[in-house]
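Commentary on secondary and tertiary structure
Read off the chains here:
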Amino acid sequence: MSIQKPNKYFSKNLYKLVLTVASTSLVTVLSMTSVNAQAAGLNDLFKNSSSVKSKFLPVDEAFQVVSNTKATSKGTRLSISFEITPGHYVYKDKLTLSFPKGISATPFTFNQAPVSVDDPTFGQVPVFTQRNVIATTTLTTSNGKGAKNAPIIIGWQGCATAGLCYPPEKVKTKIDIAATRR
């Protein structure tokens, strides 16, 4: 019986094949572990199980936003009330209004003074941490006449002091704007 010497070409290709399969398997396992770890991290933020309390509140529980209007001789006063859960804050500069052409708004006035925080996303910014903050503005039309069902979008953003910034929020509403008396 004769023993054949292994073929060099065959040995190198077998070695390359084994190395390729092993490295592909390792990359696959590592990427699956990373995805599972990320999913676990997100699940920790917002737990779906009723037996386990979430670390962060859903945005509509952390902040309740209500608007109301009142017709005045200078237009329509729009008040936006923020009920802020302790441990959360609302950015002063992220409060915005969008409305159709021909409508304008005065600058917001607030019933509370903002405080300055060193926000991890935006640096030093004015925010409202108080339980109840009301922002007020007056809406008018450029022609002084009233407007029915004017579409208004209220934009705002808030964060949890524990380290979560909620995405910017939008509240869509329709407002009757009173005619102004000059």
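Residues numbered from 1 in each chain as written. Predicted model: local features only at pLDDT ≥ 70, side-chain atom pairs only at ≥ 80, totals over all residues. Heavy atoms only, no water.

Under the criterion given, the structure shown has one disulfide. What pairs with Cys 159 in a disulfide is Cys 165, and their sulfur atoms sit 2.1 Å apart. Judged by the sign of its S-S torsion, about 95°, the bond between Cys 159 and Cys 165 is right-handed. (Disulfide = S-S within 2.5 Å.)

On to the sheet that holds strand E3 (residues 88-91). With respect to topology, five strands assemble into an open sheet ordered E7-E8-E3-E11-E12, the strand pairing being antiparallel. Whereas interior strands pair on both sides, the edge strands pair on one side only; in this sheet they are strand E7 (115-119) and strand E12 (164-165). The sheet contact formed by strand E11 (residues 158-160) and E12 spans two bridges and is antiparallel. From the neighbouring strand, Ala 160 faces E12, where its bridge partner is Leu 164. (Pairing = 2+ DSSP bridges. Helix = DSSP H or I, 4+ residues; strand = E, 2+ residues; numbered from the N terminus.)

A full pass over the atoms with the stated rule returns seven aromatic pairs. Between the aromatic rings of Phe 110 and Phe 128, the centroid separation amounts to 4.8 Å while the plane-to-plane angle is 35°, which identifies the pairing as tilted. With Phe 110 in strand E6 (residues 109-110) and Phe 128 in strand E8 (residues 123-128), this pair connects stretches of sequence that are 18 residues apart. Taking the relative accessible area as the measure of exposure, Phe 110 reaches 25% and is therefore partly exposed. Phe 128 sits in the buried class, given a relative accessible area of 3%. Here the aromatic residues Phe 63, Phe 82, Trp 156 and Tyr 166 are joined through ring pairs into a cluster of three or more. (Phe/Tyr/Trp six-rings, centres within 6.5 Å; stacked < 30°, edge-to-face > 60°. Buried < 20%, exposed > 50% of the residue type's maximum accessible area, 1.4 Å probe, protein only.)

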